[in-house]
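Single-letter residue listing:
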Amino acid sequence: MQRRSRGINTGLILLLSQIFHVGVNNIPPVTLATLAVNIWFFLSPLKPLLSSCLSVETCYQQKDWQRLLLSPFHHADDWHLYFNMASMLWKGINLERRLGSKWFAYVIVTFSLLTGVVYLLLEFALAEFMNEPGFRRNCAVGFSGVLFALKVLNNHYCPGGFANVLGFPVPNRFACWAELVAIHFISPGASFAGHLAGILVGLMYTLGPLKKIMEMCAGNFPSPVHYPGQQYYFNSSGYSRYQDYYPHGMPGYSEEVPRDYDAYTAGLSEEEQLERALRASLWDRGWSMRHPASYSS
């Protein structure tokens, strides 16, 4: 696994363009820091990809556990970075403002470590049950496992509506599973186990004991912020608003949150943005194979 370098990192330029269209001041601090860390490690990786990717062989057998920390924040190329960070930008804005910055930071750290652990368990189980040692050597890198976990959280808090997955409307509660399958039809080289690990971690938080365990471990750490008097609405273009709701007939009002998502999404939903990014990535990779001189070895 080796990062392919180009004269121009189109995906990185596009990502920075989206960030500045949103406005740095409009991005919550933990989301912004997560974007910054991933971009920094892409430009100045701590280790080569082969020394930072996550596998059963390297972590469990060779005891190189630092890869649990390194692998989520390293990406194979600029389109891999763009695909993941465009999704992080969207999810981070929604979830950080809902949960609060401190708890969201706690969630990011926990999910980053736990998705790696679950990924290792899945690959180990596949190697054992299928008697195929190659699964022990499957080496994964990138933030997408964490993003699938955050997707589960986002759908949990906003269960209604539909997501656009490759042009097909899918109920939000099934969107993660549909995307899991769709991504691996379009990009077979993506880590199925890594993405599945993210979904399982998200379900452990929303349906299982993970959230309660995190609250017990946090001690005096602030619990996630809830807004019992507010309902959160989304439409397909990413526009959102809070609406105060009073169950006892008190007068309410609707306050629009000043977020112009169309300025950087071009009116596309998250899934449509990511689909476009993935198609662009696949076109870009196909072009590079026809023009191998455009990459250095």
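Located above this text is the structure these notes cover.
One structure accompanies this document, and this report is about it. These figures come from a predicted structure and were not determined experimentally.

1. A word on the packing of helix 7 (residues 101-129) against helix 12 (residues 210-218)
Here is step 1 of the chain: Closest axis-to-axis distance for the helix 7/helix 12 pair is 12 Å, and the angle between their directions is 115°. In the packing of helix 7 onto helix 12, the handedness of the crossing is right-handed. Counting all contacts with helix 7, which are made through Trp 103, Tyr 106, Val 107, Thr 110, Phe 111 and Leu 114, the residues of helix 12 involved are Leu 210, Met 214, Glu 215, Cys 217 and Ala 218.
Here is step 2 of the chain: For the contact of helix 7 with helix 12, a count of residues per class yields 9 nonpolar, 1 polar and 1 charged.

2. Quick look at the pairing of strand 2 (residues 168-171)
Here is step 1 of the chain: Bridge count for strand 1 (residues 162-165) against strand 2 is 4 bridges, and the pairing is antiparallel. Paired with Ala 163 across the bridge in strand 2 is Val 170.

3. Description of the environment of Asn 138
Here is step 1 of the chain: Position of Asn 138 among the secondary structure elements: in the loop between helix 8 (134-137) and helix 9 (144-157).
Here is step 2 of the chain: In this structure, the C-alpha to C-alpha distance between Asn 138 and Thr 58, residues 80 residues apart in sequence, is 9.8 Å.
Here is step 3 of the chain: Beyond its immediate chain neighbours, meaning those up to four positions away, Asn 138 contacts Leu 54, Ser 55, Tyr 119 and Glu 123.

4. Notes on the packing of aromatic side chains
Here is step 1 of the chain: For the coordinates displayed, the defined rule picks out 6 aromatic pairs.
Here is step 2 of the chain: Where Phe 41 meets Phe 73, the ring centres are 6.4 Å apart and the plane angle is 70°; that geometry is what we call edge-to-face. With Phe 41 in helix 2 (residues 29-43) and Phe 73 in the loop between helix 5 (67-70) and helix 6 (78-99), this residue pair connects regions lying 32 residues apart in the sequence. Each member of the pair, Phe 41 together with Phe 73, is buried.
Here is step 3 of the chain: Taken together, Phe 41, Phe 73 and Phe 143 form an aromatic cluster joined through their ring pairs.
Here is step 4 of the chain: Cation over ring: Lys 63 sits above Tyr 60, and NZ or CZ is 4.8 Å from the ring centre.

5. Brief notes about the nonpolar core
Here is step 1 of the chain: By size, the foremost hydrophobic cluster in this structure holds 51 residues, and its most contacted members are Met 88, Phe 111, Leu 150 and Tyr 205.
Here is step 2 of the chain: When residues no more than four places from it in sequence are discounted, the contact partners of Met 88 are Thr 31, Thr 34, Leu 35, Ile 93, Phe 104, Ile 108, Phe 143, Leu 147 and Leu 150.
Here is step 3 of the chain: Counting 8 residues, the second largest nonpolar core, distinct from the first, contains Val 152, Leu 180, Ile 183 and Leu 196.

6. Quick look at a nonpolar patch on the surface
Here is step 1 of the chain: A surface patch of nonpolar side chains, about 260 Å² in accessible area, is lined by Leu 16, Phe 20 and Val 24.
Here is step 2 of the chain: Along the chain, Phe 20 turns up in helix 1 (residues 10-22).
Here is step 3 of the chain: Classification of Phe 20 by relative accessible area gives exposed; the value is 59%.

7. Here we look at the environment of Phe 73
Here is step 1 of the chain: When its relative accessible area of 18% is taken as the criterion, Phe 73 is described as buried.
Here is step 2 of the chain: Between the C-alpha atom of Phe 73 and that of Cys 53, which follows or precedes it by 20 residues, the distance is 9.8 Å.
Here is step 3 of the chain: Other than its neighbours up to four places away in sequence, Phe 73 contacts Val 37, Asn 38, Phe 41, Ser 112 and Phe 143.

About the criteria used
Residues numbered from 1 in each chain as written. Predicted model: local features only at pLDDT ≥ 70, side-chain atom pairs only at ≥ 80, totals over all residues. Heavy atoms only, no water. Axes fitted to C-alpha atoms, helices over the stretch in contact; angles between N-to-C directions. Helix = DSSP H or I, 4+ residues; strand = E, 2+ residues; numbered from the N terminus. Left-handed = near helix turned anticlockwise from the far one by under 90°. Contact = heavy atoms within 4.5 Å. Nonpolar A, V, L, I, M, F, W, Y, C, P; charged D, E, K, R; others polar. Pairing = 2+ DSSP bridges. Phe/Tyr/Trp six-rings, centres within 6.5 Å; stacked < 30°, edge-to-face > 60°. Buried < 20%, exposed > 50% of the residue type's maximum accessible area, 1.4 Å probe, protein only. Lys NZ or Arg CZ within 6 Å of the ring centre and 35° of its normal. Core = buried A, V, L, I, M, F, W, Y, C linked by side-chain atoms within 4.5 Å. Patch = residues over 30% accessible without salt bridge, like charges linked within 9 Å, V, L, I, M, F, W, Y side chains within 5 Å. Areas by Shrake-Rupley, 256 points an atom, 1.4 Å probe, with all protein chains shown as cover. Salt bridge = Lys/Arg side-chain N within 4 Å of Asp/Glu carboxyl O.

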